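# Examining the three-dimensional arrangement
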Amino acid sequence: MTAGLNIAALARRTGVAPDTLRKWEQRYHILQPARTAGGQRRYSQRDVARVEWLRERLREGYRIGEAASLLGEAPVEPAASPREELRRILDAVEHGDPAEIGALLDQAFALDDLERILTRTVRPLLEAVGELWQRGRVTVAQEHLLSEAVRSRLAHLLADAGGGVRGAAVLACAPGERHELGLMTAAIALRREGWKVAYLGSDTPVADALALAERISARLLGISLAMRERGAALEQALREPRRPADLAIILGGGGATPELAGRVGAAWWGTDPRRAVSALRASPR
């Protein structure tokens, strides 16, 4: 006998009507029920989580087709732990399997809280792939498969124009710097804290970022530096333009150091965006 919920029980658990659940299953294939010997559908806890995730996206203003596309159709079984989740994604990267990478990321984003996804999945995942690349276990192409898969999911979260309670923040990568995933997670974390984020992305001239910060009266300019050899150029760029007097500058990323931050009159958040968010949360508005 197959365990699980029938559609009436699934509807009670999720607050979504049975007719709507059937439509979602048939049209968007977002549920994968098992079948009893008599052919009746039985829904798992994974199906419950997927329906609840879709329900929340609809409340945020997504159309059902958009939300279902984000959720993905791959029937991936949930990982038993964050460690297993990380291992499975890394295995997919080493095998160069874009479909599996996408399915596992979709599952992670769909079935867990965003803050936990950013801190216990995305950040350790990117660090682990960077280490594998340095050891020659993955190629640049494999690293790019993962980076683009993560980037596409973070970009959708960044498309939300909300926030602004705590003020405006401009986030940019240093000139010549194209590694922006850490900056994207910082932008999402700040937006969730009530900041209105102007996200400029990779390879941004410092003068342009400062000019925008002044134009929108931003309280914060965050600059990401992944490659330490670009530090001297960033230091020179930050010395030249005139800065708004009340603008705080924060440097982050693997290439930024406390010493560099000190020389240019900036704060330092290291490689963990939570460090900056925590400090900003404690500061007066």
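With that out of the way, let us pick up the sheet that holds strand S7 (residues 267-270). Overall, parallel pairing links the five strands, which are arranged S4-S3-S5-S6-S7 in an open sheet. This sheet does not close on itself; its edge strands, each paired only once, are strand S4 (195-201) and S7. Between one strand axis and the next, the sheet turns through 20° on average, direction left out of account. Summarising the sheet, strand S5 (residues 220-224) and strand S6 (residues 248-252) pair through five bridges and their orientation is parallel. Residue pairing across strands places Ile223 opposite Leu251, the latter belonging to S6.

We now examine the nonpolar core. Membership of the largest hydrophobic core comes to 38 residues, with the highest contact counts inside it found for Leu105, Leu146 and Leu154. At the level of secondary structure, the elements contributing two or more residues to this core comprise helix H5 (82-95), helix H6 (98-111), helix H7 (114-134), helix H8 (140-158), strand S3 (167-173), helix H9 (181-192) and S4. Element by element, the count of residues in this core is highest for H7, at eight residues. In this structure, Leu154 is in contact with Phe109, Leu118, Leu181, Met184, Thr185 and Ile188, ignoring residues within four places of it in sequence. With 25 residues, the next largest nonpolar core counts Ala198, Leu221, Ala237 and Leu247 among its residues.

Within the chain, Asp203 stands out as a residue other than glycine whose phi angle is a positive 50°. Mapped onto the secondary structure, Asp203 falls in the loop between S4 and helix H10 (206-215). Overall, Asp203 belongs to the partly exposed group, its relative accessible area being 32%. Even without being glycine, Ser217 reaches a positive phi, approximately 55°. Among the secondary structure elements, Ser217 is positioned in the loop between H10 and S5. Taking the relative accessible area as the measure of exposure, Ser217 reaches 58% and is therefore exposed.

Those residues of helix H11 (residues 231-239) lying buried are Gly231, Leu234, Glu235, Ala237 and Leu238. For H11, the angular spread of buried residues about the axis comes to 165°, placing them on one side. More than 90 degrees from the buried face of H11, the exposed residues found are Ala232 and Ala233. Along its buried surface, H11 packs onto H10, S5, S6 and helix H12 (258-263).

A word on the packing of helix H1 (residues 7-14) against helix H2 (residues 18-28). Where H1 meets H2, the closest approach of the two axes is 9 Å, and the angle between their N-to-C directions is 105°. Considered as vectors, H1 and H2 are oriented roughly perpendicular to each other. When H1 is examined against H2, the residues Ile7, Leu10 and Ala11 are found in contact with a partner set consisting of Pro18, Leu21 and Arg22. Partitioned by chemical class, the residues of the contact of H1 with H2 number five nonpolar, no polar and one charged.

Between its first and last C-alpha, H5 extends 20 Å over 14 residues, near the 20 Å set by a 1.5 Å rise per residue. When we look at burial in H5, the residues that qualify are Glu85, Arg88, Ile89, Leu90, Ala92 and Val93. Once H5 ends, the next one or two residues include Gly96, with phi positive near 65°.

A few words on the pattern of salt bridges. In this structure the tally under the stated criterion is 11 salt bridges. In this structure, the salt-bridge partner of Arg87 is Asp91, at a minimum N-O distance of 3.1 Å. Of this pair, Arg87 and Asp91 both sit in helix H5, four residues apart, roughly one helical turn. Judged by its relative accessible area of 28%, Asp91 is partly exposed.

What counts and what doesn't
- Residues numbered from 1 in each chain as written.
- Predicted model: local features only at pLDDT ≥ 70, side-chain atom pairs only at ≥ 80, totals over all residues.
- Heavy atoms only, no water.
- Pairing = 2+ DSSP bridges.
- Helix = DSSP H or I, 4+ residues; strand = E, 2+ residues; numbered from the N terminus.
- Axes fitted to C-alpha atoms, helices over the stretch in contact; angles between N-to-C directions.
- Core = buried A, V, L, I, M, F, W, Y, C linked by side-chain atoms within 4.5 Å.
- Buried < 20%, exposed > 50% of the residue type's maximum accessible area, 1.4 Å probe, protein only.
- Contact = heavy atoms within 4.5 Å.
- Arc of directions from axis to C-beta.
- Parallel < 35°, antiparallel > 145°, perpendicular 65-115°, else oblique.
- Nonpolar A, V, L, I, M, F, W, Y, C, P; charged D, E, K, R; others polar.
- Expected span 1.5 Å × (residues − 1).
- Salt bridge = Lys/Arg side-chain N within 4 Å of Asp/Glu carboxyl O.

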